[in-house]
Amino acid sequence: MRLGYDGADGADGVEQGRLWHVVLSVAGEVTPLGALRAGLERLAHDHSFFLTARYAADHAEIRYWEQARDLHDAAAIALRLWGEHKASAKLPPWEIVGLEVVDRATYHQRVAEGFGEPPSQLGGVHPY
């Protein structure tokens with residue numbers, strides 16, 4: 001199935017996808033910051049819609065855009081992200097402790113209303 005960005009069916013009958021803003025929160029035992037940063041940078045390189053990550057020794061927050069048919073699919077993909085990249089990106093064995101998935105319109109409405117804005121440092125991997 002090919003997915004597009006506008007959420008409508010294409011003229012050729014191919015289902016189109018939508019963009020969803022995802023905030024994934026993970027936490028676990030204290031990890032050396034250098035190793036954690038390197039792992040998050042590898043994850044950013046592997047995941048094409050990666051936006052930004054913030055981290056501390058025992059938790060991190062990853063914000064990115066996901067293309068999916070609906071909220072259910074976007075959330076399912078997000079819930080697999082950490083586990084699927086844990087070995088290849090050398091991420092710590094942390095668990096997912098939070099997940100927020102909102103559609104593009106809701107994300108932009110929140111920003112326009114002055115809350116839910118992205119972190120001050122957009123793009124890349126940064127400490128809290």
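Residues numbered from 1 in each chain as written. Predicted model: local features only at pLDDT ≥ 70, side-chain atom pairs only at ≥ 80, totals over all residues. Heavy atoms only, no water.

Q: Explain the confidence of the model for the protein to me, using residue names and the numbers behind them.
A: As a note on interpretation, predicted positions should not be read in detail where pLDDT is low. On average, residues of the protein score 85 in pLDDT, and 81% of them are at 70 or above. Taking the mean pLDDT of every element in the protein, the minimum, 88, falls on strand E5 (residues 124-127) and the maximum, 97, on strand E4 (residues 95-103). A low-confidence stretch, residues 1-15 stays under pLDDT 50, and its non-local contacts, those more than four residues away or across chains, total 33 contacts. (pLDDT = per-residue confidence, 0-100. Helix = DSSP H or I, 4+ residues; strand = E, 2+ residues; numbered from the N terminus. Contact = heavy atoms within 4.5 Å.)

Q: Help me get a handle on the sheet that holds E5, residues and values and all.
A: Taken in spatial order, the 5 strands of this open sheet run E4-E1-E3-E2-E5, and their pairing is mixed. The open sheet has two free edges, formed respectively by E4 and E5, since each of these has just one partner strand. Strand-to-strand, the axes of this sheet are offset by a mean angle of 20 degrees, without reference to chain direction. Bridge analysis of strand E2 (residues 50-56) against strand E3 (residues 59-68) gives 6 bridges, and the strand direction is antiparallel. Bridging from a neighbouring strand, alanine 53 pairs with isoleucine 62 of E3. Sheet strands touched by helix H1 (residues 33-46): E2, E3 and E5. Its angle to E2, the strand with the most contacts, is close to 170 degrees. (Pairing = 2+ DSSP bridges. Axes fitted to C-alpha atoms, helices over the stretch in contact; angles between N-to-C directions.)

Q: Quick one: what's the story with the packing of aromatic side chains, residue by residue and with numbers?
A: Within this structure, the stated rule accounts for 2 aromatic pairs. Between tryptophan 65 and tyrosine 107, the ring centres sit 5.1 Å apart and the planes meet at 80 degrees, which makes this aromatic pair edge-to-face. Residue tryptophan 65 is located in strand E3, and its partner tyrosine 107 is located in helix H3 (residues 104-112); the two are separated by 42 residues in the primary sequence. Tyrosine 107 carries the same exposure label as tryptophan 65, and that label is buried. Geometrically, the ring pair formed by tryptophan 82 and tryptophan 94 is stacked, given 6.2 Å between the ring centres and 5 degrees between the ring planes. Of this pair, tryptophan 82 sits in helix H2 (residues 71-85) while tryptophan 94 sits in the loop between H2 and E4, and the two are 12 residues apart along the sequence. (Phe/Tyr/Trp six-rings, centres within 6.5 Å; stacked < 30°, edge-to-face > 60°. Buried < 20%, exposed > 50% of the residue type's maximum accessible area, 1.4 Å probe, protein only.)

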